[in-house]
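Now for the letters of each chain:
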Amino acid sequence: MTKIPENDRNIIEKAIYLPMILIVLNRDLEIINSSPFKLKNPYIEWIEETMKCIQKELASVKRYMKQQQIKVEKIKSDDAFTMYMFLYKGYEEEHNYFNPRLRNRSEELMKYYLFQRFQNDLNIMKA
């Protein structure tokens, strides 16, 4: 049983997922830059702006974690699982994440940052 409240666990998971998404977007940016697209700039700007948004959120997550004495460390990884150590206000917990789950959740978050966050903004403006 974990001693970490759900809200803090969500923050910890953002500290895991957001850097992963930045790595993927950075690789995608490199591919677009070296591709034969006729009009690269819209794609490049779209990805760069998305990365800025993620970086801002990651900075906020890191600030919160520092204030709350929370740390996350990747311990080991194999073909099926990745293990993380959560240091939470003096407590240590190890958590295993199923690698396909990490990939799927990263994909969900990428969809959010690339598309759905704009839909949320439009819905707020319509209300």
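Attention here is on the structure that accompanies the text. (Residues numbered from 1 in each chain as written. Predicted model: local features only at pLDDT ≥ 70, side-chain atom pairs only at ≥ 80, totals over all residues. Heavy atoms only, no water.)

**With respect to the environment of Arg101**
Looking at the secondary structure, you find Arg101 in helix H3 (residues 99-126). Take Arg101: its relative accessible area is 41%, and that puts it in the partly exposed class. Sequence separation of Arg101 and Ala80 is 21 residues, and the distance between their C-alpha atoms is 9.9 Å. Excluding residues within four positions of it along the chain, Arg101 makes contact with Tyr17 and Glu108. (Helix = DSSP H or I, 4+ residues; strand = E, 2+ residues; numbered from the N terminus. Buried < 20%, exposed > 50% of the residue type's maximum accessible area, 1.4 Å probe, protein only. Contact = heavy atoms within 4.5 Å.)

**Here we look at the nonpolar core**
In terms of nonpolar packing, the biggest core is built from 29 residues, with Ile16, Leu18, Ile21, Leu25, Ile54, Phe86 and Tyr97 touching the most fellow members. Elements with a minimum of two residues in this core: helix H1 (6-33), helix H2 (41-67), strand E2 (81-88) and H3. Here this core gets 11 residues from one element, more than from any other, and that element is H1. Leaving out residues up to four positions away in the same chain, Tyr97 has contacts with Glu13, Ile16, Tyr17, Ala80, Phe81, Thr82, Tyr84, Phe86 and Leu102. (Core = buried A, V, L, I, M, F, W, Y, C linked by side-chain atoms within 4.5 Å.)

Taken by themselves, the reported measurements are silent on function.
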